[in-house]
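Next come the chains, spelled out residue by residue.
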Amino acid sequence: MTAPIKRIALSTGGGDAPGLNAVIHAATLAARNRGWEVLGIRDGLNGLLLPDDYPDGGLIELTRDRVRGIIHHGGTIIGTTNRGNPTAYPVRQSDGSWVEVDRTDELLGRIEEQRIDALIMIGGDGSMAIGQHLYEAGLRLVGVPKTIDNDLEKTTSTFGFDSAVDFASECIDRLFATATSHGRIIVVEVMGRYAGWIALNAGMASGVHAILIPEIPFSLDPVAALIVEREQRGAKFSIVCVAEGAIPVGGEVSIVGKSPGQAERLGGIGAKVAAELERMTGREARTVVLGHLLRGGSPTSFDRLLGLRFGAAAVRALDEGHNGVMVALNPPTVDYVPLVEATHRQKTVPLDCDSLLTARDMGINFGDEMPSHSTIGR
Ligand code: F6P
């Protein structure tokens with residue numbers, strides 16, 4: 001028999017994603033309606049680890065008033081960080097170097113001190129792994145999967161993804177104007193880390209001619225051949241959607257840099273692809289990097305609803321005595337899955353998935369050999 005809950009805390013970790021505030025809204029109301037107190041931890045877990053850095057001590061009381069009218073807002077009202085892993089916390093030394101320190105015990109002490117009975121941890125793969133660690137260390141915890149990248153296992157979707165795809169598609173729609181008017185190649189680079197979900201979905205939805213994703217190492221020969229062949233057919237423009245994690249055959253992923261305590265920052269592949277295609281085809285090529293624009297703006301209604309469903313389900317899970325689980329979309333329902341299962345590996349685009357087959361059937365080029373039935377391309 002688990003002890004009754006009186007007070008919970010919510011944290012949002014990793015990159016912001018549209019729909020985070022919807023989770024906070026529903027979780028707060030569902031908890032308050034059970035008579036529980038609700039706290040928001042500022043900036044991931046930093047509000048607990050660095051209380052002196054915040055005028056309010058790093059914790060916000062989440063009242064009905066505080067969460068009113070936030071469902072449609074991007075970002076997170078409690079803040080986030082992607083450099084606050086308590087198991088490997090980056091600490092700057094007096095000589096300017098950085099060391100990583102395990103602050104788990106300190107964190108658990110602060111949670112006890114604040115009389116927090118359970119934590120709802122909202123985040124991506126990194127946060128779910130931290131959640132698993134804290135659960136193993138004795139914390140009562142439920143995870144909520146978030147990421148625009150859609151790369152988390154055990155849930156059909158993460159909120160944030162639909163909004164990112166929707167906005168990327170709108171941007172690409174707009175780029176058709178310049179591409180067609182000037183007869184240019186436009187290479188659009190989108191986020192997604194090591195998964196090609198955003199590039200595949202946005203590229204298909206907006207009708208691009210080639211899509212380069214991390215799951216299919218690419219050569220630009222077939223892409224250039226398609227561009228030239230399109231030109232011969234009178235289509236003097238082409239649009240290529242490239243995922244930031246796309247990798248050339250025999251090459252490396254394109255990394256911009258890495259800060260202490262953070263994962264490496266991907267980027268730059270779009271410019272390389274554009275320069276090479278311009279050289280290979282003789283046609284002017286431009287690059288557009290959508291970057292963090294994909295994380296902002298108002299969530300789509302799909303992401304709002306998924307966020308609300310996840311937030312309320314996380315509270316129900318705690319109320320029903322679940323622990324060490326992640327809420328997960330398993331249409332038509334929301335399930336609870338062991339957190340550990342969600343952290344085993346990243347969910348990447350399966351090479352035989354229906355979307356990829358559809359794209360190939362339409363002649364979209366992936367920088368690999370075209371299947372035999374598709375001789376012309378888009
Ligand atoms: O995981 C979400 C994401 O937006 C990735 O698509 C991207 O690689 C990364 O975060 C960028 O993070 P940062 O906020 O550190 O630039």
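Up top is the structure.
Residues numbered from 1 in each chain as written. Predicted model: local features only at pLDDT ≥ 70, side-chain atom pairs only at ≥ 80, totals over all residues. Heavy atoms only, no water.

## Brief notes about the overall build of the protein
So the rule is basically this: The secondary structure listing takes helices from DSSP runs of H or I that are at least 4 residues long and strands from runs of E that are at least 2 residues long, numbered from the N terminus. C-alpha atoms define the radius of gyration, and 2.2 Å times the number of residues to the power 0.38 defines the globule rule. By definition, residues are in contact when any of their heavy atoms lie within 4.5 Å. Using the Shrake-Rupley algorithm and a 1.4 Å probe, accessible areas are obtained, with residue cover drawn only from the displayed protein chains. Neither His nor the chain ends contribute to the count of charged residues, in which Lys and Arg are positive and Asp and Glu negative. Taken as the charge centre is NZ of Lys, CZ of Arg, CG of Asp or CD of Glu, depending on the residue.
What the protein contains, in helices and strands, is eleven helices and 15 strands. The globule rule puts the C-alpha radius of gyration for 378 residues at 21 Å, and the 22 Å found for the protein is close to it. Expressed as lengths along the three principal axes of its C-alpha atoms, the size of the protein is roughly 70 × 55 × 35 Å. Counting only contacts in the protein whose residues sit at least 6 apart along the sequence, the fraction spanning at least 24 positions is 69%. Of the roughly 15900 Å² of accessible surface on the protein, 50% is carried by carbon and sulfur atoms. Across the protein, the mean location of the 36 positive side-chain charges is 5 Å away from that of the 46 negative side-chain charges.

## Some words on the site of the ligand
Which entries qualify depends on this criterion: The cutoff for a nearby residue is simple: one of its non-hydrogen atoms must lie within 4 Å of the molecule or strand. As used in this structure description, the phrase polar contact means that two N or O atoms lie within 3.5 Å; if the pair is within protein, one of them must be able to donate a hydrogen and the other to accept it, and residues adjacent in sequence are counted only when both atoms belong to side chains. An automatic or database domain assignment provides the domain bounds reported here.
Neighbouring the ligand are N82, I148, D149, M191, G192, R193, E244, H292 and R295. Here an oxygen atom of the ligand and a side-chain polar atom of D149 are 2.7 Å apart. Take R295: an N or O atom from its side chain is 2.8 Å from an oxygen atom of the ligand. Burial of the ligand by the surrounding chains reaches 83%, relative to a free accessible area of 400 Å². Here the shell around the ligand spans two domains, and each of domain 1 (7-159 + 299-343) and domain 2 (165-295 + 350-375) adds at least three residues to it.

## Some details on the layout of surface pockets
As a reminder of what qualifies: The definitions used throughout rest on a 1 Å grid laid over the protein atoms alone, on which a cavity is an enclosed set of points accommodating a 1.4 Å probe that cannot get out and a pocket is an open set flanked by protein within 12 Å on both sides along at least five of seven lines; lining residues are those having an atom within 4 Å of a point. Grid points are joined across faces, edges and corners, and a volume is the space filled by probe spheres set on the points. Gly is put with the polar residues, along with every residue not named as nonpolar or charged; the nonpolar set is Ala, Val, Leu, Ile, Met, Phe, Trp, Tyr, Cys and Pro, and the charged set is Asp, Glu, Lys and Arg.
Size it by volume and the largest pocket reaches roughly 1100 Å³. Taken together, 47 residues make up the lining of the largest pocket; nearest its centre are G14, G15, N82, R193 and A263. Among the elements of the structure, α4 (125-136), β8 (185-190) and β12 (265-266) are those that each provide at least two residues to the lining of the largest pocket. If one sorts the elements of the lining of the largest pocket by residue count, α4 sits on top with five residues. Residues that form the lining of the largest pocket fall into these classes: 14 nonpolar, 19 polar and 14 charged. A domain split of the lining of the largest pocket shows at least three residues from each of domain 1 (7-159 + 299-343) and domain 2 (165-295 + 350-375).

## Thoughts on the side chain of T158
Looking at the element boundaries, T158 is found in the loop between β7 (141-145) and α5 (161-182). Among the polar contacts listed, one links the side chain of T158 to the backbone oxygen of T147, at a separation of 2.6 Å. Excluding its chain neighbours within four sequence positions, the residues that come into contact with T158 are P145, K146, T147, N150, L152, D303 and L306.

## Observations concerning the sheet that holds strand β1 (residues 7-12)
Where we set the bar: Paired strands are those between which DSSP finds at least two bridges. Axis geometry follows a simple rule: fit a line to the C-alpha atoms, using only the stretch in contact for helices, then measure angles between N-to-C directions, giving values from 0 to 180 degrees.
The mixed open sheet is built from seven strands, whose spatial order is β3-β2-β1-β6-β7-β14-β15. Of all the strands in the sheet, just β3 (59-61) and β15 (333-338) have a single pairing partner and so form its edges. This sheet shows a mean twist of 30° between the axes of neighbouring strands, independent of strand direction. Pairing analysis gives six bridges linking strand β14 (residues 325-330) to β15, with the strands arranged antiparallel. Bridge pairing in β15 links L329 to V334. Contacting β6 (118-123), β7 and β14, α4 crosses the sheet at an angle of about 160° to β6. Its contacts with the sheet place helix α9 (residues 301-319) against β1, β6, β7, β14 and β15, and it is angled at close to 140° to β14.

## Re the pairing of β1
Side chains on a regular strand alternate between the two faces of the sheet. Threshold: Exposed residues in this analysis have more than 50% of their type's maximum accessible area, buried residues have under 20%, and partly exposed residues fall in between, with area computed by a 1.4 Å probe over protein chains only.
With respect to burial, β1 is a largely interior element, six of its six residues being buried. Residues R7, A9 and S11 of β1 are buried on one face, and the alternating residues I8, L10 and T12, pointing to the opposite face, are buried as well. Sheet topology note: the β1/strand β2 (residues 37-41) ladder contains four bridges and is parallel. Following the sheet pairing, I8 is matched in β2 by V38.

## A few points about the sheet that holds strand β9 (residues 210-212)
Reading across the sheet, the four strands line up as β9-β10-β8-β13 and stay open at both edges, with parallel pairing between neighbours. Strands at the two margins of the open sheet, each flanked by one partner only, are β9 and β13 (285-289). Between one strand and the next, the sheet's axes are offset by a mean angle of 20°, whatever the strand orientation. Direction of pairing for β8 relative to strand β10 (residues 238-243): parallel, over a ladder of six bridges. When the bridges of β10 are listed, I185 appears paired with S238. Each of β8, β9 and β10 touches helix α6 (residues 197-205); the most contacted strand, β9, lies at about 170° to it. The strands touched by helix α8 (residues 269-281) within the sheet are β8, β9, β10 and β13, with β8 carrying the most contacts at an inclination of about 160°.

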